[in-house]
Amino acid sequence: MAVPVAFFALFFAYPVTAIVGRGFKAEGDWQFGRIGDVLSRPDILDVLWFTTWQALASTALTLLIALPGAYVFARFDFPGKQALRAVVTVPFVLPTVVVGTAFLALLGRGGLLDELWGVRLDTTVWAILLAHVFFNYAVVVRTVGGLWSQLDPRQEEAARVLGAGRFAAFRRVTLPALAPAVAAAALMVFLFTFTSFGVVQILGGPAYSTLEVEIYRQTAQLLDLPTAAVLTLVQFAAVGGILAVHAATVRRRERALKLVDPAQTSRRPRGAGQWALLGGVLLTALLLILLPLGVLVERSFDGPGGYGFGYYEALQTVGAGGSSTFLVPPLEAVANSLRYALVATLIALVVGGLAAAALTRRAGRLVRGFDALLMLPLGVSAVTVGFGFLITLDKPPLDLRTSWILVPLAQALVGVPFVVRTMLPVLRAVDDRLREAAAVLGASPLRAWREVDLPLVRRAVLVAAGFAFAVSLGEFGATVFIARPDNPTLPVAVARLLGRSGELNYGQAMALSTILMLVCAVSLLLLERIRTDRSGEF
């Protein structure tokens with residue numbers, strides 16, 4: 001636990017505590033009475049209520065739509081499966097401002113629905129919920145589907161032989177085994193929607209505001225740091241309580257599972273019902289994911305003089321069209337993002353892998369509590385983390401404000417929880433008797449891990465690496481404050497272009513977004529091939 005504890009203490013707890021402390025300190029005195037003053041304001045209470053119920057609704061809707069997809073990816077083998085798995089993960093790494101703009105083009109004034117049926121959904125909660133499902137569909141598919149594909153289907157078949165119906169066998173055998181993974185996926189979806197920023201700001205308009213939007217408004221627009229500090233503490237406390245309840249619930253349901261090679265559980269669909277289910281999942285992916293992504297691609301080619309590569313060509317020059325947004329050609333953001341994401345993925349795998357291995361032992365309340373604390377970076381305002389980095393990591397021996405490593409460190413903070421939550425259910429499902437047998441035969445703890453745990457969790461490690469790499473590519477909230485003008489990342493470059501007026505800037509933003517989408521899709525497709533090639537080894 002030493003490395004994960006040190007990492008989170010230094011790069012999460014210290015910056016967040018420092019920035020919140022500044023908000024409560026005025027002229028050398030602590031002003032904790034501000035908490036009651038802020039929380040008694042009607043406008044803040046409205047923000048808290050909307051933040052909570054829209055996160056619950058988004059989580060429920062995502063599970064409802066994505067669980068059939070998790071089953072299809074886990075149990076069915078069909079042409080284009082690897083490519084489709086990569087495609088459904090792409091939305092998760094796109095900057096929220098880009099996704100908000102794409103859905104605005106679909107659901108807003110002059111959008112597809114407006115042109116076909118005269119219906120507009122912008123400035124409504126339905127646009128926000130659909131965009132949240134678009135973002136988090138892959139979380140459920142990959143987290144739940146990863147474990148589902150390793151469950152031995154013969155256990156459910158045995159229950160049916162003994163007289164249980166199809167639904168009863170699923171409810172009594174498969175669902176309890178999937179409960180930790182479903183809970184983990186629901187937790188991640190809730191945290192992302194609870195802290196939603198770009199989607200709510202663009203699609204919700206002034207009528208809807210989450211805690212994250214309000215923290216940004218109080219900090220960047222109103223310069224009211226005390227109010228922002230109170231809201232950050234509220235967000236922190238709410239997320240901590242949710243994580244504590246989740247940890248207790250999952251721990252009561254965990255048990256050893258019989259895991260098998262995913263290749264043994266995947267087969268072609270049989271019967272009209274299974275083909276209909278596969279068709280429904282493909283139709284959902286088409287309408288929910290491919291359609292918004294198609295809007296991005298179409299706009300990246302739709303130039304003033306017709307369709308062409310004008311916007312892509314402009315990415316190769318500095319100050320195209322009179323813009324001084326960058327000190328370097330915007331296209332350099334691609335190489336920057338790849339370098340940062342690779343380093344962030346390595347950090348997240350080391351820190352998250354060590355934490356997951358330690359949490360598997362379930363030793364003591366301190367370790368169990370740290371299980372919940374590992375998820376807090378997903379629930380704390382990225383604005384707070386970014387400002388915290390700037391005001392704390394600027395003095396020796398941690399003078400990192402001008403160092404390139406600061407960006408991967410911020411990205412790894414978001415990647416570590418995905419590594420832990422992806423690996424932990426599989427690690428805890430490994431039968432302890434296998435480790436005990438290895439120890440009896442003379443294996444050291446390290447060799448027992450290498451010979452017993454690692455072969456079973458290799459697939460989870462690859463999935464975790466894919467998630468960490470994807471979220472690092474798309475991390476925006478904290479990176480926007482610490483990325484240098486001469487080394488921007490793709491999301492920061494897109495946001496800067498969208499923040500400037502002009503058709504050329506907007507077109508370049510769409511072109512960069514398309515590049516980000518393609519880079520992520522290719523990376524995830526390569527990961528799928530590596531995972532498939534090695535799936536027969538365990």
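Bear in mind that the values here come from a model prediction, so they are computed numbers and not experimental data.

Criteria and thresholds
Residues numbered from 1 in each chain as written. Predicted model: local features only at pLDDT ≥ 70, side-chain atom pairs only at ≥ 80, totals over all residues. Heavy atoms only, no water. Helix = DSSP H or I, 4+ residues; strand = E, 2+ residues; numbered from the N terminus. Expected span 1.5 Å × (residues − 1). Buried < 20%, exposed > 50% of the residue type's maximum accessible area, 1.4 Å probe, protein only. Phe/Tyr/Trp six-rings, centres within 6.5 Å; stacked < 30°, edge-to-face > 60°. Contact = heavy atoms within 4.5 Å. Axes fitted to C-alpha atoms, helices over the stretch in contact; angles between N-to-C directions. Parallel < 35°, antiparallel > 145°, perpendicular 65-115°, else oblique. Left-handed = near helix turned anticlockwise from the far one by under 90°. Nonpolar A, V, L, I, M, F, W, Y, C, P; charged D, E, K, R; others polar. Core = buried A, V, L, I, M, F, W, Y, C linked by side-chain atoms within 4.5 Å. Patch = residues over 30% accessible without salt bridge, like charges linked within 9 Å, V, L, I, M, F, W, Y side chains within 5 Å. Areas by Shrake-Rupley, 256 points an atom, 1.4 Å probe, with all protein chains shown as cover. Salt bridge = Lys/Arg side-chain N within 4 Å of Asp/Glu carboxyl O.

What follows is about helix α5 (residues 96–107). Between the first and last C-alpha of α5 there are 16 Å, a value that for 12 residues agrees with the 16 Å anticipated at 1.5 Å per step. By the criterion of burial, α5 is predominantly enclosed, with 10 of the 12 residues buried. Restricting attention to buried positions, one finds in α5 the residues Val97, Val98, Val99, Gly100, Thr101, Ala102, Phe103, Ala105, Leu106 and Leu107.

It is worth spelling out the environment of Glu451 at this point. Within the element layout of this structure, Glu451 appears in helix α21 (residues 445–474). In sequence terms Glu451 and Arg435 are 16 residues apart; their C-alpha atoms lie 9.1 Å from each other.

Scanning the model with the defined rule gives 15 aromatic pairs in all. When the centroid spacing of 5.7 Å and the interplanar angle of 80° are considered together, the rings of Phe7 and Phe8 count as edge-to-face. Of the two residues, Phe7 and Phe8, neither departs from the other in class, the shared state being buried. A network of ring pairs unites the aromatic residues Phe7, Phe8, Phe11 and Phe12 as a single cluster.

Moving on: the side chain of Gln411. Along the chain, Gln411 falls in helix α19 (residues 406–429). What Gln411 contacts, discounting residues up to four positions off in sequence, is Tyr340, Ala341, Ala344, Ser472, Glu475, Thr479 and Thr489.

Okay, the packing of α5 against helix α7 (residues 125–148) next. Packed helices, taken two at a time, are described by the angle between their axes plus the distance between the axes. Interaxial distance between α5 and α7 falls to 11 Å at its minimum, and their mutual angle equals 130°. With respect to α7, the element α5 is oriented oblique. Crossing of α5 over α7 shows right-handed handedness. Between α5 and α7, the contacting residues are Thr96, Val99, Phe103 and Leu107 on the first element and Ala127, Leu130, Ala131, Phe134 and Phe135 on the second. Residues belonging to the contact of α5 with α7 are distributed by class as follows: 8 nonpolar, 1 polar and no charged.

Right, let's talk about the nonpolar core for a bit. In terms of nonpolar packing, the biggest core is built from 151 residues, with Phe7, Phe8 and Phe389 touching the most fellow members. Ignoring sequence-local partners within four residues, the contact set of Phe7 consists of Phe12, Ile347, Val351, Leu409, Ala412, Leu413 and Val416. If you look at the next biggest cluster of nonpolar residues, it comprises 6 residues, including Val430, Ala438, Val452 and Leu456.

Turning next to a nonpolar patch on the surface. On the surface, Leu112, Leu116, Trp117, Val119 and Leu291 cluster together into a nonpolar patch covering about 490 Å² of accessible area. The element that contributes the greatest number of residues to the nonpolar patch is helix α6 (residues 112–117), accounting for 3 residues. The exposure class of Val119 is partly exposed, given its relative accessible area of 37%.

This part is about the pattern of salt bridges. The final tally for this structure, using the stated rule, is 3 salt bridges. Note that Asp43 and Arg41 form a salt bridge whose closest N and O atoms lie 3.1 Å from each other. Between Glu214 and Arg217 there is a salt bridge, with its nearest N and O atoms 2.7 Å apart. Taken together, the positions of Glu214 and Arg217, both in helix α11 (residues 211–221) and 3 residues apart, correspond to about one turn of that helix. A residue is classified by how much of its surface remains accessible, and Arg217, at 31% relative accessible area, is partly exposed.

Any functional reading would require information that these geometric values do not contain.
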